[in-house]
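Given next are the chains, with one letter for each unit.
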Amino acid sequence: MKRLNFYFKYAWRSVIRGGQRSFFAILCVAVGVASLVALQSLGQSIADTLTGDAKGRAGGDVIAQVTTGTNPALQNAAATELNQLKSNGLLTDWTGIVTNSPQFSGYFGFPPTVYSVDPTKYPLYGDLKILEPAGKSLRELISAPNTIVISKNLWEKQKYQLGQEIELRGDQSNGGKTSKVKIVGQASADIPGIVFGPGQFFGFGFTSLDTAKGFLDDSSLNPNTVFIKTPIAQRLKENLLTIRGPSSNLQENRRPYLFNQVLTVQEQQEQITRGLNVTQDLLSYVGLLSLLIGGIGVINTMLVVIGRRTTEIATVKALGLKTRQTLFIFTLEAVVLGVIGSVAGVILGEFLGLLIKGTAEGFFARPLNWGFYIGPVIIGLIVGILTSAVFGFLPSYAASRVRPGVVLRMQSGALPSIGGWASFLIIMLMTLAFGIIAGVLLNNMVVGIIVAFATLVVSAIMVGVMWIIVFLVGKLPAPFGPSVKMALRSFSRHRGRTASTVLVMVGGLFFISFIVIIADSIKTTIRDTFDLDLGYNVVAFNPFPSQTEETKATLQREIPGLQKLFIGNGQGVTLLAINGVSTEIAATPPTNGTPPPTPSQNQGNNFRNQPRYPGITLSGRDFINGDAPGASGKQQILSGRNLIPSDVETNGMLVRSDAATEYKLKVGDKVTVRSNPQRGILGGTSSQAKTLEMQVVGILDKGNSTVNFEQPWIASFKTVSDLGAQFSLYYLLVDRAQIKPALEKVQNTVGFVIDLGDLIDTFSKLLDQFLAFPLLLSLLSLFSGAILIANNVALAMLERRTEIGVLKAIGAKQQRIMRILLWESGLVGLLGGLIGVGMGVLIALNVTRLTGSTNSALNVTWSPLTALLLIALGIGLAIGATLASAWGAVQEKPLVVLRYE
């Protein structure tokens, strides 16, 4: 016990004597532990939110997706079957949820989702949290007729108020019934029964089924999903999977199943858990990387400590301290550093977790449950201490090899050589130990060990590359005087340490620059597509083709600021023949030497013994003042001409160059098509097939738009309408100064309308939310790099005390010494910035090639100003860390230094 007491006192005294060097070593460990604790807590928070209340999350013991369709035979089919099962005692109760996207008056973005439910039953489990008015339930609020509860994100975007009335227009393809509803509450985005849905990102509303009848037709009131309460979930699931839809006019073996997907609450829980395991493993790995940086800080600190205390070590060994005792004492010192750093890291991690939580909530589109999780705290403490001990073992082993005879020498600051094989073996054992720690966190020991050794190999290669770069930079001429020359010499003095620091900076700046460039490129691509290539900023939808002429006249006459208008439609058709030659597709590849059918011609090869023809979509263009403008960017006529009004009678058509090449078409060719009858999901047709021969009058290029709003086959609006098109699309270019009154007028005239500018802004915000989380993780890595720089500078001050003392003794002022240090660390930041940002730019510019996508619409661009700012961020962090760690050292008087050196 006395011996242990001596060991602990000696280690503790060494930590206290370390002062600044101990502080930065502790800070390195604390940052790593804080990252691990914060990310582990976040993982538990996500798991609690998505799986904590399994039945409340699922909405029932069994969740079934209902086969939907417009056939009258489907009306009430699911309800009939479920009520029969209830009467047979197989289920206790059930309720459904109807999902639609009606048009909100005064709203012109991506359509919100409206969930319609029976408030007396929904939800069977769990609850939708009502934020305003507080204390109310969904059942209370929407039981009154013509009421709606709005999600928080939609409420804030539209600046809604309690009691405000809005108009909802229902399914556009079925007449677009309208109804006024009153806003009676604001709800959280955590919806029982909806794990992830567009409503959680773009906004949603909740109404009763009775209220929904005011804006939805009967066919749209069928439940999409049903939630079932039952004590025999697995047995009920098996029963539901055998139920087929109503017979209608179909044979028994061709009737689809009424429920196309059925899950028990346990199965849904397992699905969510599998997805969360990947997320939690990723978060744990990022935390371990941060802790790895902390371990490097411990190694650096301990190596310098031992290098400066070789005389002390030799003396105590000469007085009888054994080699194994020396190894134990210095390992214990590393453990003490780890204990203090881990405790500080746990405290810091709890605050960091709250910051990450706010960012992750945007990523998951819902508030996350949060609490004090004891598991991450215990893991952080244990892993932080073990990591410090593991990484402290190598320098401790070096200390144990100091020989007592060293005390008799004049120069005692050099570390004894450990030996190549001994170093290799120790590093392998350290990696194995770290792999075991990783395996425990990842719940897979084999994977943890593989990941640890893979990280070692990759890190060794990268450090080797950085070592070469540091060596070459150190050989560069110094054009700015002796200060820069001395900084370059010091920069390349400890190349291994400098290389590892540069690598950490490179990693953080690489990920930040890559994420920023890709995010900006996606936003720019979308904005260019809609604003520049497409040439329109408003899109509207009309379900009544017969009203097009009247609607067109109204739009041209009454829309304020209207600059350009395009009207189109579309209809699926079958391509029967080209120039009288049938396009029938062979059931098997031909064997007479002729080339096989093209990919598009292979559609329909599932049925072997009946004729099959390629299916295409025919887009329609209406004439505006005698001209037929396109909707797919600025297109050129490669041969022939554009559509003219007489083509309505002669059935003229345009073909895009890619389709013309595939089918070997030219101007003047005849194309025979047949319209596809509109079929209900359980049989029956809403229109008869019609065969039409058309003539190619022009070949178009692809245009410069990255989004094609027209198909490669284009005819007049009337021709496509006659073939059975059931809707019209309106593209408008409106002066932004008059966009709001124009949108309101279009909404009143046409119905469903989207402001593409608002859509772009919404998409940009969602993209920012998705990328904020990985960006924050990259910033944590960069911050860890700054701490490592501060640690290295503090250690350099200890190693170079004599050098600094001599410089000051011969007249160098502290400003000059600080300038040398700032040049040195600024060079680390500059090098890390140039390599990291340069790699980010290079990989981002080649991202489509690296992913193997040759037809990507992403237009990757980068801003030199952004790159310079990121490089400046790296330099600034390096200089800030230097100022923080070296300010006190350069102010020390030379006599104080030289007296003890």
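Before reading further, recall that the structure is shown in the block above.
So, a few notes on the structure that sits alongside this text. Since this is a predicted model, take the numbers as computed values, not measurements.

## A short note on the overall build of the protein chain
Item 1. Secondary structure summary: the protein chain contains 28 helices and 22 strands in total.
Item 2. Buried positions account for 51% of the 901 residues belonging to the protein chain.
Item 3. Counted over contacts in the protein chain with a minimum sequence separation of 6, partners at least 24 positions apart contribute 81%.
Item 4. Here the protein chain displays about 40600 Å² of accessible surface, and carbon together with sulfur accounts for 60% of that area.

## Focus: the pairing of strand β20 (residues 713-716)
Item 1. With 4 bridges joining them, strand β15 (residues 615-621) and β20 adopt parallel strand pairing. Along β20, the bridge assignment pairs G620 with A715.
Item 2. In terms of strand pairing, strand β17 (residues 652-656) meets β20 through 3 bridges, oriented antiparallel. Looking at β20, one finds that M653 is bridged to A715.

## Examining the side chain of S716
Item 1. The topology assignment puts S716 in strand β20.
Item 2. There is a polar contact of 2.6 Å between the side chain of S716 and the side chain of T719.
Item 3. Setting aside anything within four residues of it in sequence, one finds S716 in contact with G620, R621, F623, L643, V648 and G652.

## Focus on the packing of helix α15 (residues 445-474) against helix α25 (residues 814-845)
Item 1. Two numbers describe how α15 lies on α25: the axes approach to 12 Å, and their chain directions differ by 125 degrees. In terms of their interaxial angle, α15 and α25 are classed as oblique. Both α15 and α25 take part in a crossing whose hand is right-handed. For the pair α15 and α25, contact is made by M466, I469, V470 and V473 and by L827, L831 and I835, respectively.
Item 2. Grouping the constituent residues of the contact of α15 with α25 by class yields 7 nonpolar, no polar and no charged.

## A short note on helix α11 (residues 310-318)
Item 1. Every buried residue of α11 is accounted for by T310, E312, I313, A314 and K317.
Item 2. The first or second residue beyond α11 is G320, which carries a positive phi of 120 degrees.

## Observations concerning the environment of V504
Item 1. Here V504 lies in helix α17 (residues 495-534).
Item 2. A relative accessible area of 10% means that V504 is categorised as buried.
Item 3. Each C-alpha atom of the pair V504 and A786 lies 8.8 Å from the other, and the pair is 282 residues apart in sequence.

## Focus on unusual backbone geometry
Item 1. The linkage connecting Y122 with the following residue, P123, adopts the cis geometry, with an omega of -5 degrees.
Item 2. With respect to the helices and strands, the residue P123 is situated in the loop between β4 (113-117) and β5 (130-132).
Item 3. A cis geometry characterises the amide bond from E132 onward to P133, with omega recorded as 0 degrees.
Item 4. Topologically, P133 is positioned in the loop between β5 and α5 (138-142).
Item 5. Positive phi, close to 55 degrees, is recorded for K159, a residue that is not glycine.
Item 6. Mapped onto the elements of the fold, K159 is located in the loop between α6 (152-158) and β7 (165-169).
Item 7. A relative accessible area of 64% places K159 in the exposed class.

## Here's the deal with the nonpolar core
Generally speaking, nonpolar side chains in soluble globular proteins are found buried as a group.
Item 1. Ranked by size, the top nonpolar core spans 32 residues in total, and within it M466, V473, F491, V502, I789, L831 and V837 carry the most contacts.
Item 2. Among the secondary structure elements, those contributing two or more residues to this core are α15, α16 (482-491), α17, α23 (756-799), α25 and α27 (864-890).
Item 3. No other element matches α17, which puts 9 residues into this core.
Item 4. When near neighbours in sequence (up to four residues on either side) are disregarded, V502 contacts M466, V828, L831 and G832.

## A closer look at the pattern of salt bridges
A side chain of one charge can pair with a side chain of the opposite charge when the charged atoms of the two come close.
Item 1. All told, the structure shown has 15 salt bridges when counted by the stated rule.
Item 2. Residues K86 and D93 are paired through a salt bridge, measuring 3.5 Å at the closest nitrogen-oxygen approach.
Item 3. Through salt bridges with shared partners, one network takes in K86, D93 and K121.

## Digging into the packing of aromatic side chains
The geometry of an aromatic ring pair is captured by the separation of the ring centres together with the interplanar angle, meaning the angle of the planes.
Item 1. This structure, assessed with the given rule, holds 14 aromatic pairs.
Item 2. Residues Y122 and F227 carry aromatic rings whose centres are separated by 6.2 Å and whose planes lie at 45 degrees to one another, so their mutual orientation is tilted. On the criterion of sequence distance, the pair formed by Y122 in the loop between β4 and β5 and F227 in strand β10 (residues 225-229) is long-range, its members being 105 residues apart.
Item 3. We classify Y122 as buried; its relative accessible area is 3%.
Item 4. The residue whose ring lies beneath K121 is W94, and the NZ or CZ to ring-centre distance is 5.9 Å.
Item 5. Of note, K229 hangs over the ring of Y125, and the distance from its end group to the ring centre comes to 5.2 Å.

## Overview of α16
Item 1. Residues of α16 that are buried include every one of S483, V484, A487, L488, S490 and F491, and no others. Taken around the axis of α16, the buried residues stretch over an arc of 165 degrees, which confines them to a single face.

What counts, and where the lines are drawn
- Residues numbered from 1 in each chain as written.
- Predicted model: local features only at pLDDT ≥ 70, side-chain atom pairs only at ≥ 80, totals over all residues.
- Heavy atoms only, no water.
- Helix = DSSP H or I, 4+ residues; strand = E, 2+ residues; numbered from the N terminus.
- Buried < 20%, exposed > 50% of the residue type's maximum accessible area, 1.4 Å probe, protein only.
- Contact = heavy atoms within 4.5 Å.
- Areas by Shrake-Rupley, 256 points an atom, 1.4 Å probe, with all protein chains shown as cover.
- Pairing = 2+ DSSP bridges.
- Polar contact = N/O pair within 3.5 Å; in protein donor to acceptor, adjacent residues only side chain to side chain.
- Axes fitted to C-alpha atoms, helices over the stretch in contact; angles between N-to-C directions.
- Parallel < 35°, antiparallel > 145°, perpendicular 65-115°, else oblique.
- Left-handed = near helix turned anticlockwise from the far one by under 90°.
- Nonpolar A, V, L, I, M, F, W, Y, C, P; charged D, E, K, R; others polar.
- Core = buried A, V, L, I, M, F, W, Y, C linked by side-chain atoms within 4.5 Å.
- Salt bridge = Lys/Arg side-chain N within 4 Å of Asp/Glu carboxyl O.
- Phe/Tyr/Trp six-rings, centres within 6.5 Å; stacked < 30°, edge-to-face > 60°.
- Lys NZ or Arg CZ within 6 Å of the ring centre and 35° of its normal.
- Arc of directions from axis to C-beta.

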